[in-house]
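Summary of the model geometry
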Amino acid sequence: MSEEQIKNLEKQFEERIARDEKIEPKDWMPEKYRKTHIRQMSQHAHSEIVGMLPEGNWITRAPSLRRKVALLAKVQDEAGHGLYLYSATETLGVSRDELYEQLHSGKAKYSSIFNYPTITWADMGAIGWLVDGAAIINQVPLCNTSYGPYARAMIRVCKEESFHQRQGYEIMMKLAKGTPEQKEMAQDALNRWWWPSLMMLGPTDDVSVHTEQSMKWKLKRKSNDDLRQQFIDQTVPQADLIGLTIPDPDLKWNEERQSYDFGEIDWDEFWQVVKGHGPCNKERMKARVGAWERGEWVRDAAMAHAEKKQKRQEKQAV
Amino acid sequence: MSNKKNWPLWEIFVRSKNGLEHRHFGSLHAADADMALENARDVYTRRNEGVSIWVVESKHITASNPENNGELFEPAQDKVYRHPTFYDLPDEVKHM
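On a predicted model such as this, the values are computed, not experimentally measured, just so you know. (Residues numbered from 1 in each chain as written. Chains lettered and ligands numbered in written order. Predicted model: local features only at pLDDT ≥ 70, side-chain atom pairs only at ≥ 80, totals over all residues. Heavy atoms only, no water.)

Another aspect to go through is the overall build of chain A. From N to C terminus, chain A includes 12 helices and 2 strands. Reading the secondary structure of chain A in the N-to-C direction produces α-α-α-α-α-α-α-α-α-β-β-α-α-α. A compact globule built from 318 residues should have a C-alpha radius of gyration of about 20 Å, and chain A, at 22 Å, falls within 12% of that. By principal-axis analysis of the C-alpha atoms, chain A measures approximately 75 × 55 × 35 Å. (Helix = DSSP H or I, 4+ residues; strand = E, 2+ residues; numbered from the N terminus. Rg over C-alpha atoms; globule rule 2.2 N^0.38 Å.)

Let us look at a nonpolar patch on the surface. Residue and element names in this part refer to chain B. On the surface, a nonpolar cluster with roughly 420 Å² of combined accessible area is contributed by V80, Y81, F86 and Y87. Here F86 is to be found in the segment after α2 (69–73). Classification of F86 by relative accessible area gives partly exposed; the value is 42%. (Patch = residues over 30% accessible without salt bridge, like charges linked within 9 Å, V, L, I, M, F, W, Y side chains within 5 Å. Areas by Shrake-Rupley, 256 points an atom, 1.4 Å probe, with all protein chains shown as cover. Salt bridge = Lys/Arg side-chain N within 4 Å of Asp/Glu carboxyl O. Buried < 20%, exposed > 50% of the residue type's maximum accessible area, 1.4 Å probe, protein only.)

Residues M172, W193 and W194 of chain A together with L28 of chain B are the most contacted members of the largest nonpolar core, which totals 94 residues. Excluding residues that lie within four positions of it along the chain, W194 of chain A makes contacts with L130, F231, I232, T235, I246, P247 and D248 of chain A. (Core = buried A, V, L, I, M, F, W, Y, C linked by side-chain atoms within 4.5 Å. Contact = heavy atoms within 4.5 Å.)

Every contact between the two is made by 25 residues of chain A and, on the other side, 23 residues of chain B. The tally of links between chain A and chain B comes to 7 salt bridges. Residues K5 of chain B and E307 of chain A are paired through a salt bridge, measuring 3.0 Å at the closest nitrogen-oxygen approach. Where chain A meets chain B, there are 14 residue pairs in polar contact (both at pLDDT 80 or more). For the side of chain A that touches chain B, the secondary-structure elements that each account for two or more residues are α3 (65–90), α4 (96–104), α6 (148–176) and α12 (296–317) of chain A. Its residues placed into classes, the side of chain A that touches chain B shows 6 nonpolar, 4 polar and 15 charged. (Polar contact = N/O pair within 3.5 Å; in protein donor to acceptor, adjacent residues only side chain to side chain. Nonpolar A, V, L, I, M, F, W, Y, C, P; charged D, E, K, R; others polar.)

Looking now at unusual backbone geometry. Negative phi is the rule for most residues except glycine; trans is the rule for most peptide bonds. All names here are of chain A. The backbone of K218 sits at a positive phi, close to 65 degrees, despite the residue not being glycine. Along the chain, the position of K218 falls in the loop between α8 (211–216) and α9 (224–241). For K218, a relative accessible area of 11% puts it in the buried group.

We now examine the side chain of E90 of chain A. Examined against the element boundaries, E90 of chain A turns out to sit in helix α3. Polar contacts involving the side chain of E90 of chain A include one to the side chain of H29 of chain B, which spans 2.7 Å.

Let's shift gears to the pairing of strand β2 (residues 22–29) of chain B. A regular strand carries its side chains on alternate faces of the sheet. All names here are of chain B. Within β2, 6 of the 8 residues are buried, which leaves the element mostly enclosed by the surrounding structure. Bridge count for strand β1 (residues 9–15) against β2 is 7 bridges, and the pairing is antiparallel. By the bridge assignment for β2, F13 is matched with H24. A loop of 6 residues connects β1 with β2, the two strands running antiparallel in sequence, and G19 in this loop sits at a positive phi of about 100 degrees. (Pairing = 2+ DSSP bridges.)

Moving on: the pattern of salt bridges. Residues and elements named next belong to chain A. Within the structure shown, the criterion is met by 28 salt bridges over all chains. Here E90 ties to R96 by a salt bridge, and the two come within 2.8 Å at their closest N and O atoms. Both residues of the pair, E90 and R96, belong to the buried class. One salt bridge connects E283 with R284, and the closest N-O pair in it is separated by 3.9 Å. According to the relative accessible area criterion, R284 is buried, its value standing at 6%. When salt bridges with common partners are traced through the structure, they connect R16, R19, E21 and D27 into a single cluster.

Here's what the structure looks like:
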């Protein structure tokens, strides 16, 4: 194809997206569109998979059977979400093996929030309430994104996600109404998860590199700063309601903006964690790669069994 | 990456309730059809989304190429006589 033909195709492609048409796997697409989607969708899938680890830590120690079944179901949902997203990514012509390889070698990123430790039961509450809350704010606009398989996966994810946030908030509410020690535990979890949750919505608009192109392709519909403000405005009253305090002395209602003003985010910490120096980066990768390697013989045995069974069937058919 | 065989990809179709057709839900990897069915149950129907599942190995699906959409689908566009509104009837005929 000549450069001019490609330019022409690209123009038609952008017009289709502008008209709100969906792009499907076999449609022509610019190489940059394919690459950007593989990167974002696989990062999203990796985040779901690694996101199981901090919570998996508490399944066996949940304080009641009710809490245990809920947490187990939530973690299972995250596995499911990872799988929806991996298979949607594969429609762009990348194999599952390549995607795993990128995660395990550290080439691909996942959400840096999962590199923080879960040291008390209240962390399960804080994660559901804040981390899933922030994730929902990020994900809802993606139900309308331009790439069909991604949009369809996100619709399913969003439908399932709201139970995650509710179960987290309920945990926090119960602890906040409990003994002074329990309330303190809830407050401590909020103190530790608040700032990382704000960072989770991404760097500020002035330094975010992908925003403009992503907006065009509907990979993003609101800027990071707008999403963050939305998250803060929605979460602060929820904290007030259960008597917990947001750990930000500069947080103040701004009557004029009809929004909360908030304090400075420690972006150095964010970049440290992104670069691999968070409290649990190594531990998470070790757990993930270990699980993959220890499962190898099971995958091989299943494949060998399937092949043997098929051969036997073919023999009988003759 | 080794050259040994990985679990193949399967396309998953789910009937959400009797009376409705099976609809494409997504795909997953499994060693064989039985495992694909079991995995599909866990991945795509955790909340009673289905009463029946079909699994088809992805390599068995032949798909049309969007680049040929013109010759495939355009011939139907100028055949307005296939639609009831093409035909003139007197106003007195209320239902037909």
